[in-house]
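These are the residues of each chain, in order.
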Amino acid sequence: MRFSNGFAATTLLCLSVEASSVKLPYIKRADNVTAGIPPPPGTYVPVPTFFSTNGSSSTDSATSYPLDIDTQVAYSVYLANAGIAGFAIFGSTGEPIHVTPAERNKVISATRKALDEAGHTNYPLIAGVVSQQFEEAIDLLHQAKSAGAQWGVCLVPGYFAVATSQQGIIDWFTAVADKSPMPILIYDYPVVTNNIKVQPSTYEALAKHPNIVGAKLATTDISWHSQICSNPNIDYTHFHPYTGLGQQMLAAVTLGAFGALDVVGTAFPKSMVRLYKLSALEQPTPEERKEARDLQWKRVQHTYHVPDNVVGIKEAVYRVRGFGDRNGVRLPLLNTITNEQWDAFSDIINIMIETEDSL
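The sections below set out a description of the structure shown in this document.

Another aspect to go through is the side chain of Asp-188. Mapping Asp-188 onto the fold places it in strand 8 (residues 184–188). As a buried residue without a salt bridge, Asp-188 has its nearest oppositely charged side chain in Lys-197, at a separation of 8.5 Å. Those residues in contact with Asp-188 that sit more than four places away from it in its chain are Val-156, Ile-196, Val-198, Tyr-203, Lys-216, Leu-217 and Ala-218.

Right under this line is the structure:
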């Protein structure tokens, strides 16, 4: 497995961000091209956006529950202290389509400030961009950079999935990367993009762009991971693929993925950090191999028993870690998980709590 960015004869460019002293991840290559540096390997968490149902305004409703910034920043510091490598803010779990640009900037900026104050300077923040309108996507990247993010992760545009070609995807990401003020990753999530499947050859082409530094592969097809993470024509010192599904962390990292952006880390961060570390060992002992398989089994059981969607994630974070408001989602989302349903998950949840507490 790979741990080093591996750039030779390069100089880090320390570009300031208005919200903090964070450094943007760029290097000057030996060929004099300025290129992005990918996020470090590890376990990343797509953080939920916390809303409060106890807003002071009588006009607050499920369409506009106010942000709960105090919980947002406390939870972010908790995850960083637990060893999580970085966050994706306003990925799918963060309900990006339910917030205004001002709210989005407020969350990113507050998170950066809290991490700085807690001693986590230059902590990796990856801002999700789901817009399919080019100028808006670029504007969101500029705003996120100013608020304190170092990378953007841009969703594959899928509204016109039936009519979208692989060349169209290449041209779209090339245009975004050309104009982005910070390095970007490709967010490949067919469930929310009308089942567009980005071909391995498309990744090979896009990985050559100096401002495209990785991808989140949220697909259950492990053979796809193999083709994207083990391609001899991709320079993996510049391009880091991550699995978006922690239930296949062990397999994906073995095939060359640099970690995971996974929702179970929202409630069980130490367990997912440990699973990545074990998965990345080049020569694990029999005991380490067994521990990795046991942790992977528990992660898979979580997926099959606890809803891995925004509502289920917030329920777990509230019940297991005590953060947030279990009903704090914006319409059309509603929390319909009953106490009886949660009790039905208790066996695997209790197993994972015991494992987490032992780490």
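Two side chains that carry opposite charge are able to pair once their charged atoms sit near each other. Applying the stated rule across the entire model yields ten salt bridges. Between Asp-31 and Arg-29 there is a salt bridge, with the nearest N and O atoms lying 3.0 Å from each other. By relative accessible area, Asp-31 is classed as partly exposed at 47%.

Taken as a whole, this structure holds eleven aromatic pairs when the rule is applied. Centroid distance Phe-134 to Trp-172: 6.2 Å. Interplanar angle 80 degrees. Geometry classified as edge-to-face. Placement of Phe-134 in helix 3 (residues 134–147) and of Trp-172 in helix 4 (residues 166–179) is noted, with a sequence separation of 38 residues between them. Take Trp-172: its relative accessible area is 15%, and that puts it in the buried class. Here the aromatic rings of Tyr-159 and Phe-160 are separated by 4.9 Å at their centres, their planes lie at 80 degrees, and the arrangement is edge-to-face. Classification of Tyr-159 as exposed rests on a relative accessible area of 62%. Cluster of aromatic residues (ring-pair linked, three or more members): Phe-50, Tyr-75, Tyr-78 and Phe-323. Sitting above the plane of the Trp-224 ring, Lys-197 keeps its charged end 4.2 Å from the centroid.

The next point concerns the side chain of Glu-315. Within the secondary structure, Glu-315 sits in helix 10 (residues 310–321). The exposure class assigned to Glu-315 is buried, which follows from its relative accessible area of 0%. In contact with Glu-315, other than residues within four places in its own chain, are Arg-326, Asn-335, Ile-337 and Trp-342.

The first and last C-alpha atoms of helix 12 (residues 346–358) sit 18 Å apart over 13 residues, in line with the 18 Å expected at 1.5 Å per residue. Within helix 12, the full set of buried residues consists of Ile-348, Ile-349, Met-352, Thr-355 and Glu-356. Angularly, the buried residues of helix 12 cover 125 degrees about the axis, an arc narrow enough to put them on a single face. Facing away from the buried surface of helix 12 by more than 90 degrees, the exposed residues are Asp-347, Glu-354, Asp-357 and Ser-358.

Parameters and conventions
Residues numbered from 1 in each chain as written. Predicted model: local features only at pLDDT ≥ 70, side-chain atom pairs only at ≥ 80, totals over all residues. Heavy atoms only, no water. Helix = DSSP H or I, 4+ residues; strand = E, 2+ residues; numbered from the N terminus. Buried < 20%, exposed > 50% of the residue type's maximum accessible area, 1.4 Å probe, protein only. Lys, Arg positive; Asp, Glu negative; His and termini not counted. Salt bridge = Lys/Arg side-chain N within 4 Å of Asp/Glu carboxyl O. Contact = heavy atoms within 4.5 Å. Phe/Tyr/Trp six-rings, centres within 6.5 Å; stacked < 30°, edge-to-face > 60°. Lys NZ or Arg CZ within 6 Å of the ring centre and 35° of its normal. Expected span 1.5 Å × (residues − 1). Arc of directions from axis to C-beta.

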